[in-house]
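Architecture and fold: a report
Here are the chains, one letter per residue:
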Amino acid sequence: MKLGFVSDSLSGLSFEDMLDHAARLGVSGVEINTCGWSTAPHCSLDDLLDNSAAQKTFLKAFADRGLEIIAFNANGNPLHPTDPKQGADLRRTLRLAGQMGVAKVCTMSGLPAGAPGDTMPNWVVSSWPPETQTILTYQWHEKLIPFWTDIAKTAEAEGVRQIALELHGNQCVYNVPSLLKLRAEIGPIIGANLDPSHLFWMGADPLIAAEALGAAVYHVHAKDTFLNPPVQATTSLLENGSLMDIPARSWSYITLGYGHGAHWWRQFCYRLKMGGYDGWLSIEHEDVLLNSLEGLEKSVALLHAVMPDKPADFKLQDI
């Protein structure tokens, strides 16, 4: 496995400073945010698209530090009913990836409205009342599948080999069954960006999910979640309070090791290996209580200690 981090983990730093810290920390690459819910402080689609000189300079900054571009990340809602820019910027990210030789793009599946004419996305997480099923049928068959059928063609034409969809709340694809369902419809260009932090608060088990997805795991975001039992006991894990008020929330994103310790992360790496994954672990730091650089340093140290980074060489002896 290889270790890196998402560029927005150090969003307050300049592009050059962010890369300098990556080299200092001893990671192998950086995943670059391009659009969507990120202001993309380290990557301008406008400046880079169709600009070979700017692309060469961008790539050189990585090469000079012995770093790789892990993937581009377009982490918005490409099926937002009133904000077409999010879908358009995913297409632009795919174009840029093709031009720069980046084979993998991370993104979200998208969440459309619940019916024609609606203006807000609608996330269905219950099978009752009956109109929920009407919503799901509309979202999947009228919006999601046609959109991703077209996006897959675009990605293949650009030379992008993998689209890693994050299993994320408020998206049509948010768990193992929904990822596998869309993959079966669209094809193997679609895979999972397995981020355990989201599965924790949705009540799933990332260890079992890693095995269940198997070869469909294309990417891993290393992010932890703090579960707050005293609050959870009265509010459940269906939490809509401020992300900045950790004491009041039933769950919060947190620095690696502060929610689940090194033993859990060691097991997670091993389960990924059992499922056939031997790719990147990309740290996504979103802890509002810890300094971003400190949190990233602690996360890197934890994963360096537990992740396998050399090929297996055990063989049974002839006896």
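Higher on the page you've got the structure.
Residues numbered from 1 in each chain as written. Predicted model: local features only at pLDDT ≥ 70, side-chain atom pairs only at ≥ 80, totals over all residues. Heavy atoms only, no water.

**Digging into the overall build of the protein**
Selection rule: Numbered from the N terminus, helices here are DSSP runs of H or I no shorter than four residues, and strands are runs of E no shorter than two. Within these notes, the globule rule equals 2.2 Å times the number of residues to the 0.38 power, and the radius of gyration is based on C-alpha atoms. Each residue gets one of three labels from its accessible area relative to the maximum for its type: buried under 20%, exposed over 50%, partly exposed in between, using a 1.4 Å probe on protein chains only. Note on definitions: a residue-residue contact is assigned when non-hydrogen atoms from the two residues lie within 4.5 Å. Reported accessibility uses the Shrake-Rupley method at a 1.4 Å probe radius. Residues are deemed covered only where the shown protein chains occlude them. Charge counting follows a simple rule: Lys and Arg are positive, Asp and Glu are negative, and His as well as the terminal groups are ignored. To locate a charge, take NZ of a lysine, CZ of an arginine, CG of an aspartate or CD of a glutamate.
Across its full length, the protein holds 11 helices and 10 strands. Relative to a compact globule of 319 residues, whose C-alpha radius of gyration would be 20 Å, the protein shows 20 Å and is just as compact. Projected onto its principal axes, the C-alpha positions of the protein cover 55 × 55 × 50 Å. Relative to its 319 residues, the protein shows a buried fraction of 52%. Residue pairs in contact within the protein that sit at least 24 positions apart in sequence constitute 77% of those at least 6 positions apart. Accessible area of the protein: about 14500 Å², with a carbon and sulfur share of 54%. Across the protein, 23 positive and 35 negative side-chain charges occur, with their mean positions spaced 5 Å apart.

**Remarks on the sheet that holds strand S10 (residues 280–283)**
The test is simple: For two strands to be treated as a pair, DSSP must find no fewer than two bridges joining them. Axis lines are fitted to C-alpha atoms, over the contacting stretch for helices. Their N-to-C directions set the angle, which ranges from 0 to 180 degrees.
Spatially, eight strands are ordered S1-S2-S3-S4-S5-S6-S7-S10 in a closed barrel, and the strand pairing comes out parallel. Within the sheet, the average angular offset between the axes of one strand and its neighbour, ignoring direction, is 30 degrees. Here strand S1 (residues 2–6) runs beside strand S2 (residues 29–36); their pairing, made up of three bridges, is parallel. Among the inter-strand pairings, Val-6 is bridged to a residue of S2, identified as Glu-31. Sheet strands touched by helix H4 (residues 85–100): S2, strand S3 (68–75) and strand S4 (104–107). Its angle to S3, the strand with the most contacts, is close to 165 degrees.

**Quick word on the packing of aromatic side chains**
How we decide: Stacked, tilted and edge-to-face are the three classes assigned to paired rings of Phe, Tyr and Trp, where Trp is represented by its six-membered ring and a pair needs centres within 6.5 Å; plane angles under 30 degrees give stacked, over 60 edge-to-face, the rest tilted. Whether a charge sits over a ring comes down to the Lys NZ or Arg CZ being within 6 Å of the ring centre and within 35 degrees of the ring normal.
For the coordinates displayed, the defined rule picks out 12 aromatic pairs. Plain terms: the ring middles of Phe-58 and Phe-62 are 5.5 Å apart, the flat faces sit at 45 degrees to each other, and that makes the pair tilted. Residue Phe-58 and its partner Phe-62 are located together in helix H3 (residues 52–63), separated by four residues, close to a single helical turn. The pair formed by Phe-58 and Phe-62 is uniform in burial state, with each residue classed as buried. Above the ring of Tyr-253, the side-chain terminus of Lys-223 is found at 3.9 Å from the ring centroid.

**Notes on the pattern of salt bridges**
Stated formally: Here a salt bridge means any side-chain nitrogen of Lys or Arg lying within 4 Å of a carboxyl oxygen belonging to Asp or Glu.
Following the criterion strictly, the structure yields 17 salt bridges and no others. Measuring nitrogen to oxygen at the nearest pair gives 2.8 Å for the salt bridge that ties Asp-150 to Arg-91. Pair noted here: Asp-150 is in helix H5 (residues 131–158) and Arg-91 is in helix H4, with a separation of 59 residues, a long-range link. Between Arg-271 and Glu-211 there is a salt bridge, with the nearest N and O atoms lying 2.2 Å from each other. Placement of the pair is Arg-271 in helix H10 (residues 262–274) and Glu-211 in helix H8 (residues 206–213), with a sequence separation of 60 residues. Residues joined by salt bridges that share partners form a network here, namely Asp-46, Lys-85, Asp-89 and Arg-92.

**Observations regarding the packing of helix H6 (residues 176–186) against H8**
Packed helices, taken two at a time, are described by the angle between their axes plus the distance between the axes. Under the convention used in this document: Just so you know how the angles are binned, under 35 degrees is roughly parallel, over 145 roughly antiparallel, 65 to 115 roughly perpendicular, and the rest oblique. By definition, turning the near helix anticlockwise from the far helix through less than a right angle yields a left-handed crossing, and turning it clockwise yields a right-handed one. Throughout this entry, Asp, Glu, Lys and Arg are counted as charged residues, while Ala, Val, Leu, Ile, Met, Phe, Trp, Tyr, Cys and Pro are counted as nonpolar. The remaining residues, Gly among them, count as polar.
Put simply, H6 and H8 touch, their axes get as near as 10 Å, and they point 20 degrees apart. Classified by the angle their axes make, H6 and H8 are roughly parallel. The two elements H6 and H8 cross, and the hand of that crossing is right-handed. In this structure, H6 contributes Val-176, Leu-179 and Leu-180 to the contact, and H8 contributes Ala-209, Ala-212 and Leu-213. Looking at the contact of H6 with H8 residue by residue, the class counts come to six nonpolar, no polar and no charged.

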